[in-house]
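# Observations on the model geometry
Here is how the chains run, residue by residue.
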Amino acid sequence: MKKKFKQASSDKNTAIIPQQTETPREERVPFLVAGIGASAGGLEALEQFLGNVPEGSGIAYVVIQHLDPTHKGIMPELLQRVTNMKVFQVRDRMSVKPDCVYVIPPNKDMSILHGVLHLFEPTAPRGLRLPIDFFLRSLAEDRQERSIGVILSGMGSDGTMGLRAIKEKAGVVLVQEPASARFDSMPRSAIDAGLADLVAPAEDLPRKIIDYLRHALVIAKADLPLKERDQSALEKVLILLRAKTGHDFSLYKKSTVYRRIERRMGIHQIDRIAAYVRYLQENSQEVELLFKELLIGVTSFFRDPAAWEQLREEAIPAILADRPAGGVIRAWSAGCSTGEEAYSLAIAFKEALEQAAPKASFTLQIFATDLDRDAIDKARQGGYPANIVADVSPERLRRFFSKEENGYRVRTEIREMVTFATQNVIMDPPFTKLDILICRNLLIYLAPELQKKLLPLFHYSLNPGGVLFLGSAETVSAFTELFAPLHVKSRLFLRRESFLPAEPLAFPPSFVPALPGVPRELTMLKPAANLQSLADQLLLQHFSPPAVLVNDKGDILYISGRTGKYLEPAAGKANWNIFAMARDGLRFDLGSAFQKAIRQKEAITVKGVRVGTNGGKQTVDVTIQAIDEPEALRGMVMIVFTDVATPKDKIVPDRSKRGSSDNSRVIELEQELLQVREELQTTREEMQSSQEELKSTNEELQSTNEELQSTNEELTTSREEMQSLNEELQTVNAEQQSKMDELSRMNNDMRNLLNSTEIVTVFLDNELHVRRFTTGANKLFKLIPGDAGRPLSDIANDLLYPEMTEEAREVLRTLVFSEKQVTATDGRWFSVRIMPYRTMEDVIGGVVITFADITAAKTLEAELREKNAKLKSLLEAGGK
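In this text, all values refer to a predicted model and were calculated from it rather than measured experimentally.

This brings us to the overall build of the protein chain. Tallying secondary structure elements over the protein chain gives 22 helices and 31 strands in all. Taking all 880 residues of the protein chain together, the buried fraction comes to 42%. Sequence-distant contacts in the protein chain: of pairs separated by 6 or more residues, those separated by 24 or more amount to 64%. Counting every atom, the protein chain has about 49000 Å² of accessible surface; 53% of that belongs to carbon and sulfur.

Taken as a whole and assessed by the stated rule, the structure comprises 31 salt bridges. Its salt-bridge partner being Lys-565, residue Asp-643 comes within 2.3 Å of it at the nearest N-O pair. Linking Asp-643 in strand S26 (residues 637-643) with Lys-565 in the loop between strand S23 (556-560) and helix H18 (578-581), this pair joins segments that are 78 residues apart in sequence. Owing to a relative accessible area of 34%, Asp-643 belongs among the partly exposed residues under this scheme. Note on Lys-565: relative accessible area 37%, which makes it partly exposed. Between Glu-810 and Arg-813 there is a salt bridge; the shortest N-O distance is 2.3 Å. Placement of the pair is Glu-810 and Arg-813 together in helix H21 (residues 804-814), with a separation of three residues, close to one helical turn. Judged by its relative accessible area of 35%, Glu-810 falls in the partly exposed class. Arg-813 sits in the exposed class, given a relative accessible area of 61%.

In this section: the packing of aromatic side chains. Under the counting rule described, the total for this entry stands at 16 aromatic pairs. Seen from their ring centres, Trp-308 and Phe-469 are 5.2 Å apart, and the 75° between their planes marks the pair as edge-to-face. Of this pair, Trp-308 sits in helix H11 (residues 305-321) while Phe-469 sits in strand S19 (residues 462-470), and the two are 161 residues apart along the sequence. No difference in accessibility class separates Trp-308 from Phe-469, as the two residues are buried. A ring pair is formed by Phe-763 and Tyr-837, whose centres lie 6.1 Å apart and whose planes are at 85°; its orientation type is edge-to-face. Remark: Tyr-837 occurs in strand S30 (residues 829-838) and Phe-763 occurs in strand S27 (residues 760-764); sequence separation between them is 74 residues. For Phe-763, a relative accessible area of 14% gives the class buried. The class of Tyr-837 is partly exposed, set by a relative accessible area of 27%.

Moving on, we come to unusual backbone geometry. Comment: phi is negative for the bulk of residues other than glycine, and the bulk of peptide bonds are trans. The phi dihedral of Asp-99 falls on the positive side, at around 55°, and the residue is not glycine. For Asp-99, the location among the structural elements is in the loop between strand S5 (94-95) and strand S6 (100-103). In this model, Leu-768 sits at a positive phi of 60°, which is unusual for a non-glycine residue. Looking at where Leu-768 falls in the secondary structure, it is placed in the loop between S27 and strand S28 (770-773). Its relative accessible area of 7% is what places Leu-768 among the buried residues.

Among the structural elements, Asp-391 can be located in the loop between strand S14 (383-385) and helix H14 (394-400). Setting aside residues up to four positions removed in sequence, Asp-391 forms contacts with Arg-137, Met-161, Ser-300, Phe-301 and Phe-302.

Residue position: Pro-430 is located in the loop between strand S17 (418-422) and strand S18 (434-439). For the pair formed by Pro-430 and Trp-332, sequence separation is 98 residues and the distance between their alpha carbons is 9.2 Å.

Turning our eyes to something else, we now look at the sheet that holds strand S13 (residues 362-370). Strand order in this open sheet of seven strands is S17-S13-S12-S18-S19-S21-S20, and the pairing throughout is mixed. Pairing within the sheet leaves two strands with one partner each, and these edge strands are S17 and strand S20 (483-487). When the angles between neighbouring strand axes are averaged without regard to direction, this sheet yields 20°. Of the strand pairs in this sheet, S19 and strand S21 (residues 492-495) are connected by three bridges, and their pairing is antiparallel. Counterpart to Phe-469 in the pairing with S21 is Leu-492. Along the sheet, H11 contacts strand S12 (327-334), S13, S18, S19, S20 and S21; its crossing angle with S19, the most-contacted strand, is approximately 175°.

Residues of the protein chain with pLDDT of at least 70 account for 81%, and the chain-wide mean is 78. Taken element by element, the predicted model of the protein chain shows its lowest mean pLDDT in strand S1 (residues 15-20) (48) and its highest in helix H12 (residues 340-356) (93). Across residues 17-30 the pLDDT falls below 50, and counting only partners more than four positions away or on other chains, this stretch makes 54 contacts in the model. Overall, residues 650-660 carries pLDDT values under 50, and its contacts beyond four positions in sequence, including any with other chains, amount to five contacts.

Attention shifts here to the packing of helix H3 (residues 131-143) against helix H4 (residues 160-168). At a minimum axis distance of 7 Å, the contact between H3 and H4 shows a crossing angle of 5°. By the angle between their directions, the pair H3 and H4 is classed as roughly parallel. Where H3 approaches H4, its residues Asp-133, Leu-136, Arg-137, Leu-139 and Ala-140 are matched on the opposing element by Thr-160, Met-161, Gly-162, Leu-163, Ala-165 and Ile-166. The residue inventory of the contact of H3 with H4, partitioned by class, reads seven nonpolar, two polar and two charged.

A few words now on the side chain of Asp-142. Take Asp-142: it is sitting in helix H3. A relative accessible area of 17% places Asp-142 in the buried class. Within polar-contact distance, the side chain of Asp-142 engages the backbone nitrogen of Gly-115 at 3.5 Å. Residue contacts for Asp-142: discarding those within four places in its chain leaves Ile-112, Leu-113, His-114 and Gly-115.

What counts as what
All residue numbers refer to positions counted from 1 along the written sequence of the respective chain. Local features in this predicted model are restricted to residues whose pLDDT is 70 or higher, and side-chain atom pairs enter the listing and the counts only when it is 80 or higher, whereas totals over whole chains, interfaces and linings include all residues. Only hydrogens and water are set aside; all other atoms, that is, all heavy atoms of the structure, feed into the side-chain values. Runs of E in the DSSP output that reach at least two residues are strands. Runs of H or I that reach at least four are helices, and both are numbered from the N terminus. Exposure classes here rest on a 1.4 Å probe applied to the protein chains alone. A residue is buried below 20% of its type maximum, exposed above 50%, and partly exposed in between. By definition in these notes, contact holds between two residues if any of their heavy atoms fall within 4.5 Å. Using the Shrake-Rupley algorithm and a 1.4 Å probe, accessible areas are obtained, with residue cover drawn only from the displayed protein chains. Salt-bridge detection follows one rule: a side-chain nitrogen of Lys or Arg within 4 Å of a carboxyl oxygen of Asp or Glu. Note on aromatic contacts: the rings of Phe and Tyr and the six-membered ring of Trp form a pair at centre separations within 6.5 Å, being stacked when their planes are under 30 degrees apart, edge-to-face when over 60 apart, and tilted otherwise. A pair of strands is considered paired only if DSSP assigns at least 2 bridges between the two. Throughout, an axis means a line fitted to C-alpha atoms (over the contacting stretch in the case of helices), and angles, computed between N-to-C directions, take values from 0 to 180 degrees. Confidence scores here are pLDDT values: one per residue, from the predictor, ranging 0 to 100. Working definition: roughly parallel below 35 degrees, roughly antiparallel above 145 degrees, roughly perpendicular at 65 to 115 degrees, and oblique for all remaining angles. By the convention adopted, Pro, Cys, Tyr, Trp, Phe, Met, Ile, Leu, Val and Ala count as nonpolar, Lys, Arg, Asp and Glu as charged, and the other residues, Gly among them, as polar. Under the rule applied, a polar contact is a pair of N or O atoms within 3.5 Å (in protein, one hydrogen donor and one hydrogen acceptor; residues adjacent in sequence only if both atoms are side-chain atoms).

See below:
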C-alpha cells in the first residue's frame, strides 16, 4: 500500500542495500540496508522509497548518511512520518530486525557483522569520508550473494566501490533513474561503472526488490546439487556465450557460473534455466550482460596493503639486486580489470627504486590484460572516482595522481609504464621472460583442472627468481616444486629451478580443445539417416582401402578400415606416431614419400612396397596426400594403403634356402641405405637454403629494427616538443583567462557607470553605424538589440534634430566636439553632445553622442523668464 507523505526540507544522499535476516534457512528472506549520502535530493528519494514499501515485507533498512558531526541527527524523526515501520538511530552492537529502519548517527562510520551493526570513530578527515563505501564493503563480506545494494539521489561517487564489492559476491544492485533524481551524481556514477542491474524511479524500486527476492527464493528452494541440475541447459548457455563473445567459460567453476546465471534469472523473474536459454536466444543484449556478470571482480589500489608492502620492501629490491647492470624489468598483470593493480605495481616499483637508489638504470614494462574490453578502455584512460582516497594515501595522491573535476587521473609518468591489451589467459599465448607476474583473484573462479595447467604455465613465463603474486584466497597448492614461498600470508612466491614436470607443459588454447563433436553454436537436430547415407557408410567400412589421417609430424589422428597388416604398436611406452608403428619394409619408403608429399603439396604414390606381415610378405601401394581442403583438415596428411598382387619375380624363395634369403635381405638393406643417403642429401640442401633465407630475413629484421628505432626517437622528440608546446599553451591560456577576467570586470564597471549617470549614450563607428547604446536609448530612438550595425540615419527618433547626422560627420572631419540643446516631439529637452571616439592608441574610431535630459532645467528657465516678464511689467506699471 502506498503511503502519502509530506516532503521534508532537509535532504540527504541515499544508498540502500538489502540483505537477508538470520531466519531459518527454509524461511530466510533478505532484509534491506540503506546508505544515504550528504547532499540535496536524498531525503526526498528515501521518502519516496520507504513510502512505497509493502507492509509486512520482512525487510529491514539501515540508512547511511554524510551528517554534520556538530549537529544532532533528526533523520529518524523525518523518516518516521512516512512509514509505519519503527525507525531507530543506531547504537553500537544493535541487531537488525525485519520491518525496521536503522539510521547511522552523526560523526560515525558503520559496519555489519553477522547481522549486528557496529559503530566506529571516523579516521578520515571531514570531507574525505566515504561511509557508504565503508558499509557496503562490509555488507558484501558479511552477506555474500544475499546482499543487495540500492543507490538513490545524491552528489559525488560514494557507494560505487561498495557496489562493486556486492557485485563480486553475486549480489544485486538497483539504482534510481538519474532523470528522476534531484542530484544524479551518485546514481550516474554507479550506472557508468556498469554496476546497475535494475534502474527505475525511487518509488518503483521496492516492488522490483520484492519481485526479485520472490523469484530468488523460488530458485533457492528448487536448488539441487550441481550434478543434478539441468546440465544440458547450462551447456547451452555456455555455447551461446562462446558464440557471441568468443570466450569459453566451460572450465570456470560450475557453481560460480550457475550462481551468476541464477542471479540474472531472478532479475528477469525466470524460474527455469531452460526458459533462460530461450530468453538468451531471443535477446542478444542479455548475452552481453551475462558476459559482463561473469567478469565482475573487485579491484582497488593496493588491495591487501600488507601484501603490497611486502612486494615493495622485499620482492622488488631483490629483483633489482640480481641485476647490477640494470635494464628492463618485465611484469604481467593478468586479469587486471580496470587497471588499479597494474598502476599499483608501477607506483610500488617507483617507490622501491627511489628507496634502493641503484647505480644502474632500471625501467619497468608492465603488460596488463583482461577479457573485458570496456574495462581495458577505462584502464587506459587512467581516470578514477574521488573515493579512491579510501585506498590511496594522501602522499601517493599528491605524487602520482592529478586532481580533476570528477576524481583523479594517474599521472603520465605512471601510465607510460603500463601497456593494456585485451587477452584471454586460458586461450591466448602468455607473456614470457617476466620478472613479476600478478594474477590475483582469478584462479578462485577457475576449475581445479585449469588451475593445474595455469600454474606450470606461469612458471614457464617467469625468469629464474621471478615473483608470482596471487590473491589472498589463492595458493600454488600441489606445485611446491615450481614455486617457493617468499611470504605465505602475502601470497608472494619465487620461481624455483626444477626438473621438468612429469606431464608435458600445456599451452593455450589446448586448455579448451575444439573437439570435432563439440558444436560452436546451437543448431537444429540432425535428421534421421536415409538409405543413401547408410549405403555410403557400408561402402566406407567394407570396400574402401585402409587409410590413416595424421598431422604434419606423423601423429595419428584418425584410422579408417583395418590397418593391422601395415601398422603395429611399438614396444615400450605407447607411441601413436605412424613412423614408429610402421611394419618392417614400410618405414623408410613411408618416411621418404611423406616428406616429399609435404614439400610438393601433391599426391605421392610408392608402388610395390613389400611389408613384413605375420609370417610372410605383403606387397602394397602407398599413396600420401597433403590436405588443403576442407579448411578444417588443412595441414593434415592422408595415407592410403592398397594391397596388390606380388609379382612372380619378387616371390620370396623357400626359407630353407638360407643363402638366397640372406642375399635378398642385403639387397633390401642396400636399397634402404641409398634412400637414406638421398634423403640426407635433400635435407642438407634444404638446410642450406633455409640458412640463406634466415640470413636474409635476419638482415631485413635488423634493417627494420633500425628504422623502428629511428622512428621511435623521432616520436620521442615529437612528444617532448608537444609537451613543451602544451605547457606554453597552458601558460598563454592562463594569461588570456586573466585578461578576460580583467576585461569582464572593466566592462561591468563601465556598464554600471553609464547606467548610473542616466545619460543616454550612443556609440557610432566611422561609417556612423550603431556600435552599441546604453539603457534608455530606446526612449529616444526606435532601437532594439538587433540594430547594431545599422546606420543611425535609418532609425527613427523623437528628436527635432534633422542635422544630427551631418554634424556627426563634421565632428569626424574636424575632431571638434559639438553641443546643442534640442527638443523632442513630446516636449522634452535634451543637451546633445557629439564627440570623437578615441581608442587607447589615440586612433579615431567613430563618434560618441550623449543625450542629457534637461527638460526640468528648461521648464525652470521658462518659469523664471515668465516671472521676470511679469515682474518687469509690474515695475513698468508702478513707474507710470
